[in-house]
Amino acid sequence: MKMVKNAVGRMVPTEINGEKVIPFKGVGKHRPIGRKHAPTIVSSADYPPDGDKRVPSIKEALINARLKNGMVISTHHHLRNGDLIANQIFDIAAELGVKNLIWAPSASFPCHKDVIKHLESGVIHHIEGSMNGPLGRFCSEGKMAGTAVLRSHGGRYQAIQDGEIQIDIAVLAAPTADSFGNGHGLDGPSACGGLGYALADYQYADKVIIVTDNLIPFPCIPMQIVGNYVDYVVEVDRIGIPELIVSGTTQITKSPDRLLIAELTAKFCDAAGLVQDGFSFQMGAGGTSLAIGIYFHKMLMERNIKARFAVGGSTQYSVKMIEDGCLDYMLDAQTFDLDAVRSMRENRAQHPDISIFHCYDYHAKGNFTTMMDVMILGATEVDVNFNGNVCTHSDGYLLHGIGGWQNCLFAKCTILPIPLFRNRIPIICDEVTTLVGPGELIDVIVTERGIAINPKRQDLIDKVKDSGLPLKSIEELKAEAERICGIPQKPELGDKVVAAIKWMDGTVIDVVREVKIKL
Amino acid sequence: MKTAFAGQHQKSDRSDCRVSLTLNKSGGIDITVNSKVKLLFERAIRETCMSVMKIFSIPHAEIVIDDNGAPDYVITARLEACIKQLIQTEISQLPEMLPQNTGGTKKDRMRRSRLYLPGNTPKLAINAGLHSGDGIILDLEDSVAPDRKDEARILVRNTLRTVDFYGAERMVRINQLPRGLEDLDAVVPHHVNVILLPKCESPEQIREVDTRIQNLRKKHNIQHEVWIMPIIESAMGVIKVFDIAGASNNVIALAIGLEDYTADIGAPRTREGKETFFARSQVINAAKAMNLQAIDSVFSDVSDMEALRENVLASKALGFDGMGCIHPRQIRVIHEAFAPTKEEIEKAKKIVDAFHEATEKGLGVVSIGSKMIDPPVVKRALRVMELTEKST
């Protein structure tokens, strides 16, 4: 395999799974020309005039969609770890003797470990999408027939839109749907809130199958999935396990150390003048992020000001901010708990669902992230040049997807609140194991032992220099972690490339190599 | 062959390891490392084990380490604990002393909060200093199982040397005497600031501890002071508390332990605390009579911050200067509640200003407007201002 050095100094192949790929050229440097991919033209005359597209089973729908060897099958991950559909698709494919499929999920979860047997038997050739836990481990150990391709959420939309991934069949679970194929996630036993990850799938796939366990008479409103794109509708007993789809209640962290990181992050944002009337922010649903949100909420209430909008995962805490009048809009691509589902259902004016196209697509006429004031993200590693890793651990294992992480780096102030070390492993290193995001886009690292600001952000440094916050250089933080933990040895990695990490413009920013010594 | 064990390896025992050691007659050193961080630290763990074996001159042994991310100083403590179960030796494997851990503390420094940590649980110690408590207590007494006392002593010693508490006063609660005297031998040479003596009931106990500490200071050439904080937690202790307070100049504070005290007097512990009012007052009076700090018992419901705040305000109203804590989140509430209120500060400032003005003018009487201010009121105002200064 021919390898070349890309713009961030990583050796990457020029071909993956037999297709030519472009090495990363630098942020904003790759501007492809041409037309977007388009699915085939269809005629309404070929669809039932009564609008009833139901077929009796997923198997029949797949047969009708002409499932065959080598096809690209896509799914969304709104049912998270409670998804009961994705595994079934490949069980059916195995039963039908179909081989060499490519699975392109918007993300995978530990519940998808059952597809490992289909990867082993050749039903699935490789996965293009985020990989979590057991699948990541399987891939890291070099057991996947093809090379995995990891993309950010926005990068997945871009790849489908640009034709890098050409989906043959999209199988989309919908917690509520009608027989025409309109669907949403607001109601039903498997309610999950929005369905914003499914947009590219139903717009661009050749065949679209909707699977629901809550079929209602036409029309299903709102049409988060638009039935005019849909070929078949399948009614099943259950599409998911409710308690694994959304939490009853998401909880802020109880760890005093993580609360301290959250507090320092909030204080930093305040000192840097970021928490202002009309500001915008995005944060995940992890315990530390939620705690930062609580601090923001308190500041806004005390000062009687409000945030204009927040993007991203919604939880009971973001709902509370809307209800307390300190957040105007929650633009929601992923709904994490029951309170948030309720809010999206009952208060669509302030809490609308949005898609990945809106917030993250890089090959669009702008997207939301560049407008955001404060972006709170995580990382498994950050290096002294502020390059970040979210996919692999320092031991080389691929255990997480990219999620929206790369896309979010474009916000005005990108902050990574992270512990200085986890289980003796320092988070700040000389060089990240996998470079998922270039340091020029990462502004601030907040740890329990101090805050490091990217020297490129002199404006932020000037704003907080007299704040009394524990400001340190990233090298000082690294030295402090190493004093406590010791310096880890480098993991032994093989030459075999097991996964490619795509940048959001479709270029290859890094690769993941096979781990030599298995844990 | 006898095998020795030390340390813990349950899933929740982060930053710890379980070490087993068997001494052999031949075969060299055989090390098995089972660790979550094996791919990154196996080499370091092996090197650490080899260096310990060298220091103790052990040529042949089988070592098994079940590790959950233990830092070096924990691994060496566990290994040393195993060795000392199998052979008699005066040797110790001392990790490097952090320069910032060598200082002493002032007798009258603020001691509003002191965070209890079980001495044998490394995961709680590593980040303990980040939470800005005035003091951190490594406990060798009640939180350590009787059969783990020896290994805990070694771990506490290493913790004192290696872990940065970011300015918190470094305290160790030793066991009740006489066992506590051996604890002193283990920790005093390693820069501890305050020794907490539990179940203290007589001035003789203080003198015994003080003598042992002074001998150790001399022997190990320790320049800084090592203070004593007796914990009064029995009826006898309460009765003898004044003598205890005066038993040594190195006693800096009197703490009260109410769980044991209420058990001792046979009264259930209530939220209102009528049953402990006498004991608390007695301890406060003895402390103030000897110009010492009075420190209240811990508040055990770590989830109820409002109740904690009420409790601290009640303590402050009685005259206590500080309180123990069992969770880092209690620290801030305790500091806030012990801090003088805005009104207290404003009032005190007026009085102190008037006092300075009177002193400058050579007046014998302090007054604000037509109102005369009595000397004890001035004294209290000075104290409020001092506390305000220290808290900010």
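Residues numbered from 1 in each chain as written. Chains lettered and ligands numbered in written order. Predicted model: local features only at pLDDT ≥ 70, side-chain atom pairs only at ≥ 80, totals over all residues.

Sorry, what's going on with the overall build of chain A here?
On a plain count of helices and strands, chain A comes out with 15 helices and 28 strands. Taken over the C-alpha trace, chain A has a radius of gyration of 23 Å; the compact-globule value for 519 residues is 24 Å, and the two agree within 12%. If you line up chain A on its principal axes, its C-alpha atoms span 70 × 55 × 40 Å. Relative to its full complement of 519 residues, chain A shows a buried share of 57%. The long-range fraction of contacts in chain A, counting pairs at least 24 apart against all pairs at least 6 apart in sequence, stands at 73%. (Helix = DSSP H or I, 4+ residues; strand = E, 2+ residues; numbered from the N terminus. Rg over C-alpha atoms; globule rule 2.2 N^0.38 Å. Buried ≥ 20, exposed ≤ 12 C-beta atoms within 10 Å, placed from the backbone. Contact = placed C-beta atoms within 7 Å.)

Quick question: what am I supposed to make of the overall build of chain B here?
Along chain B, the regular secondary structure elements total 14 helices and 14 strands. Seen through its C-alpha atoms, chain B measures out along the principal axes to roughly 90 × 45 × 40 Å. Here chain B holds 392 residues, and 44% of them are scored as buried. Expressed as a percentage of contacts within chain B between residues at least 6 apart in sequence, the contacts between residues at least 24 apart total 70%.

Help me out: how do you make sense of the sheet that holds strand S13 (residues 207-212) of chain A in this one?
An order of S5-S14-S13-S10-S6-S7-S8 (chain A) is seen for the 7 strands of this open sheet, with the pairing classed as parallel. Each end of this open sheet is capped by a strand with a single partner; those strands are strand S5 (54-55) and strand S8 (124-127) of chain A. (Pairing = 2+ DSSP bridges.)

Sorry, what's going on with the sheet that holds strand S9 (residues 148-150) of chain A here?
Within a sheet, adjacent strands bond to each other through the backbone by hydrogen bonds, running parallel or antiparallel. Residue and element names in this part refer to chain A. Pairing within the open sheet is mixed, and its 3 strands lie in the order S9-S27-S28. One side of each edge strand has no neighbouring strand; the edge strands of this open sheet are S9 and strand S28 (508-515). Each strand axis lies, on average, 40° off the axis of its neighbour in the sheet, ignoring direction. As defined by bridge partners, strand S27 (residues 493-502) adjoins S28 across 6 bridges and the pair is classed as antiparallel. (Axes fitted to C-alpha atoms, helices over the stretch in contact; angles between N-to-C directions.)

Would you mind going over the interface of chain A and chain B with me for this structure?
The accessible area lost on association of the parts is a frequent measure of interface size. The partner chain B presents 18 residues to the 19 residues of chain A that form the contact. Looking at the side of chain A that touches chain B, the elements with two or more residues in it are helix H8 (256-271) and helix H15 (474-485) of chain A. With 3 residues, the top contributor of residues to the side of chain A that touches chain B is H8(A).

What am I meant to see in unusual backbone geometry here?
Across residues other than glycine, the phi torsion is negative in most instances, and most of the peptide bonds are trans. With an omega of 0°, the peptide bond between Phe218(A) and Pro219(A) qualifies as cis. Within the secondary structure, Pro219(A) is located in the loop between S13 and strand S14 (232-235). Cis rather than trans, the peptide bond between Leu177(B) and Pro178(B) has omega equal to 10°. Looking at the element boundaries, Pro178(B) is found in the loop between strand S7 (169-173) and helix H5 (179-187). Phi angles above zero are rare outside glycine, and Arg80(A) is one such case at about 45°. One can find Arg80(A) in the loop between strand S6 (72-75) and helix H2 (86-95). For Arg80(A), a count of 19 C-beta atoms within 10 Å corresponds to the partly exposed category. Of note in this structure, His191(B) is not a glycine but carries a positive phi near 65°. Position of His191(B) among the secondary structure elements: in the loop between H5 and strand S8 (194-197). The class of His191(B) is buried, set by 20 C-beta atoms lying within 10 Å.

Is there a simple way to explain the domain arrangement of chain B in this structure?
The domain architecture assigned to chain B consists of domain 1 (3-86), domain 2 (99-338) and domain 3 (342-391). The distance between the C-alpha centroids of domain 1 of chain B and domain 3 of chain B comes to 61 Å. (Domains from an automatic or database assignment.)

What is the right way to read the environment of Lys465(A) from this model?
Along the polypeptide, Lys465(A) turns up in the loop between helix H14 (458-464) and H15. Each C-alpha atom of the pair Lys465(A) and Ala272(A) lies 9.3 Å from the other, and the pair is 193 residues apart in sequence.

Can you walk me through the environment of Val377(B) in this structure?
Mapped onto the elements of the fold, Val377(B) is located in helix H14 (residues 375-391). Taking the C-alpha atoms as reference, Val377(B) lies 8.2 Å from Ile351(B); in sequence the two are 26 residues apart.

What's the story with the pairing of strand S9 (residues 227-232) of chain B in this structure? I'm lost.
A regular strand carries its side chains on alternate faces of the sheet. All names here are of chain B. With 6 of 6 residues buried, S9 is to be regarded as a mostly interior element. Burial of S9 is two-sided: the residues Trp-227, Met-229 and Ile-231 facing one way and the residues Ile-228, Pro-230 and Ile-232 facing the other way are all buried. Bridge analysis of S8 against S9 gives 4 bridges, and the strand direction is parallel. Opposite Val-194, over in S9, you have Trp-227 as the bridge partner.

How do you make sense of the nonpolar core when you look at a structure like this?
In summary, soluble globular proteins display a tendency toward joint burial of nonpolar side chains. If you look at the biggest cluster of nonpolar residues, it comprises 270 residues, and the most contacted ones within it are Ile169(A), Leu172(A), Ile209(A), Val172(B), Ile195(B), Leu254(B) and Val283(B). In contact with Leu254(B), not counting residues within four places along its chain, are Pro230(B), Ile232(B), Val241(B), Ala245(B), Val283(B), Ala286(B), Ala287(B), Leu292(B), Ala294(B) and Ile295(B). Of all hydrophobic cores here, the second largest spans 6 residues; its members include Ala348(B), Ile351(B), Val366(B) and Ala381(B). (Core = buried A, V, L, I, M, F, W, Y, C linked by C-beta atoms within 7 Å.)

So what exactly am I meant to see when it comes to the pairing of strand S12 (residues 322-325) of chain B here?
Residue and element names in this part refer to chain B. Here S12 shows a buried face lined by Gly-322 and Gly-324 and a second buried face lined by Met-323 and Cys-325. Bridge analysis of strand S5 (residues 113-118) against S12 gives 3 bridges, and the strand direction is parallel. Bridge assignment links Leu-115 to a residue of S12, and that residue is Cys-325. Strand direction decides the pairing type here: strand S11 (residues 293-296) and S12, joined by 2 bridges, are parallel. Paired with Asp-296 across the bridge in S12 is Met-323. Note on the crossover from S11 through helix H11 (residues 305-318) to S12: the handedness is right-handed. (Right-handed = clockwise from strand over helix to strand, strands pointing away.)

Can you help me understand the packing of helix H9 (residues 287-303) of chain A against helix H10 (residues 316-323) of chain A in this one?
All names here are of chain A. Interhelical geometry of H9 versus H10 gives an angle of 10° and a closest axis separation of 10 Å. If you check the angle between H9 and H10, you find them roughly parallel. Taken as a pair, H9 and H10 cross one another with a handedness that is left-handed. Where H9 abuts H10, its residues Leu-290, Gly-293, Ile-294 and His-297 lie against Tyr-317, Ser-318, Lys-320 and Met-321. When its residues are assigned to classes, the contact of H9 with H10 shows 4 nonpolar, 3 polar and 1 charged. (Parallel < 35°, antiparallel > 145°, perpendicular 65-115°, else oblique. Left-handed = near helix turned anticlockwise from the far one by under 90°. Nonpolar A, V, L, I, M, F, W, Y, C, P; charged D, E, K, R; others polar.)

Is there a simple way to think about helix H4 (residues 149-162) of chain B in this case?
All names here are of chain B. Taking 1.5 Å as the rise per residue, H4 with 14 residues should run 20 Å; its terminal C-alpha atoms sit 20 Å apart, in good agreement. Among the 14 residues that make up H4, 11 are buried, leaving the element largely enclosed by the rest of the structure. Those residues of H4 not exposed but buried are Glu-151, Ala-152, Arg-153, Ile-154, Leu-155, Val-156, Arg-157, Asn-158, Thr-159, Leu-160 and Thr-162. Packing partners of the buried residues in H4 comprise strand S1 (3-7), helix H2 (72-86), helix H3 (122-126), strand S6 (135-139), S7 and H5. (Expected span 1.5 Å × (residues − 1).)

Can you help me understand the domain arrangement of chain A in this one?
All names here are of chain A. For chain A, the domain assignment lists domain 1 (53-128 + 165-243) and domain 2 (256-490). One C-alpha centre belongs to domain 1, the other to domain 2, and the line joining them spans 31 Å. Taken together, the contacts link 11 residues of domain 1 with 14 residues of domain 2. Of the residues contributing to the side of domain 1 that touches domain 2, the split by class is 7 nonpolar, 4 polar and no charged.

I keep staring at the confidence of the model for chain B and nothing clicks. Help me out?
Detailed reading of the predicted coordinates is not advisable wherever pLDDT is low. Here chain B averages 94 in pLDDT, and 100% of its residues register 70 or above. Predicted as a complex, the structure gets a pTM of 0.93 and an ipTM equal to 0.91. (pLDDT = per-residue confidence, 0-100.)

Help me out: how do you make sense of the packing of helix H13 (residues 342-360) of chain B against H14(B) in this one?
The packing of two helices is summarised by the inter-axis angle and the distance between the axes. All names here are of chain B. The interhelical angle for the contact between H13 and H14, taken along N-to-C directions, is 120°, at an axis separation of 8 Å. The orientation of H13 with respect to H14, classified from their angle, is oblique. Once H13 is placed against H14, the crossing between them reads as left-handed. Along the contact surface, H13 presents Glu-344, Ile-345, Ala-348, Lys-349, Ile-351, Val-352 and Phe-355, while H14 presents Val-377, Val-378, Ala-381, Leu-382, Val-384, Met-385 and Thr-388. Per-class residue counts for the contact of H13 with H14 are 11 nonpolar, 1 polar and 2 charged.

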